[in-house]
Amino acid sequence: QVQLVESGGDLVQAGGSLRLSCAASGRAISSAHMGWFRQAPGKEREFVAAISWGGGRTYYTDSVKGRFTISRDNAKNTVYLQMNSLKPEDTAVYYCAAASRYGASWPPRDHDYNSWGQGTQVTVSS
């Protein structure tokens, strides 16, 4: 199973930007669809963005469209989430996750993701 480690979370003012990274080890992610999720205090975890195994397809939740960009570098076994125009409601712990492309639909359903990182905190002040 692949191990995922997120980094890049920080405290930022509204309107600012952050770039999250998700580094994978133990197994190449080149055959996996990758996703970002987030969980705010007192709320359920929610899907944010996904990218297909080859990087050719992306999918976003409506609230981040036009502000967030997911990308991947399979040579570096890393996935990124560029977050611009951040809002206080983006405050959450952000997690990356992997879903095998074999048998998974597009975009992957939440239960298709079987490897998860520990998360990185993003706090947006108003």
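A quick note: this is a predicted structure, and the numbers were derived from the prediction, not measured.

1. Observations concerning the sheet that holds strand E8 (residues 78–83)
The pairing of strands in a sheet happens through backbone hydrogen bonds and is either parallel or antiparallel. Across the sheet, which stays open at both edges, the four strands sit in the order E1-E3-E8-E7 with antiparallel pairing between neighbours. In this open sheet, the two edge strands, each paired with only one partner strand, are strand E1 (3–7) and strand E7 (68–73). On average, each strand axis in the sheet is tilted by 15 degrees relative to the strand beside it, whichever way the strands run. With six bridges connecting them, strand E3 (residues 18–25) and E8 associate as antiparallel partners. Looking at the pairing, Cys22 lines up with Val79 of E8.

2. Focus: the packing of aromatic side chains
Under the definition given, this model contains five aromatic pairs. Look at Phe47 and Tyr59: their rings are 5.8 Å apart centre to centre, the planes differ by 35 degrees, and that puts the pair in the tilted class. Of this pair, Phe47 sits in strand E5 (residues 46–51) while Tyr59 sits in strand E6 (residues 58–60), and the two are 12 residues apart along the sequence. Connected via pairs of aromatic rings, a cluster forms that spans Phe37, Phe47, Tyr59, Tyr113 and Trp116. Positioned over the ring face of Trp116 is Arg45, at 3.9 Å from the centre of the ring. The ring of Trp53 has Arg101 sitting right over it, with the charged end atom 3.8 Å from the ring centre.

3. Re the state of the cysteines
Counting across every chain of the model gives one disulfide. Between Cys22 and Cys96 runs a disulfide, and the two sulfur atoms are separated by 1.9 Å. Judged by the torsion about the S-S bond (50 degrees), the Cys22/Cys96 disulfide is right-handed. In this pair, Cys22 is assigned in strand E3 and Cys96 in strand E9 (residues 92–100), connecting sequence segments 74 residues apart. For Cys22, a relative accessible area of 1% gives the class buried. Its relative accessible area of 0% is what places Cys96 among the buried residues.

Parameters at a glance
- Residues numbered from 1 in each chain as written.
- Predicted model: local features only at pLDDT ≥ 70, side-chain atom pairs only at ≥ 80, totals over all residues.
- Heavy atoms only, no water.
- Pairing = 2+ DSSP bridges.
- Helix = DSSP H or I, 4+ residues; strand = E, 2+ residues; numbered from the N terminus.
- Axes fitted to C-alpha atoms, helices over the stretch in contact; angles between N-to-C directions.
- Phe/Tyr/Trp six-rings, centres within 6.5 Å; stacked < 30°, edge-to-face > 60°.
- Lys NZ or Arg CZ within 6 Å of the ring centre and 35° of its normal.
- Disulfide = S-S within 2.5 Å.
- Buried < 20%, exposed > 50% of the residue type's maximum accessible area, 1.4 Å probe, protein only.

Coordinates in, geometry out; function isn't part of it.
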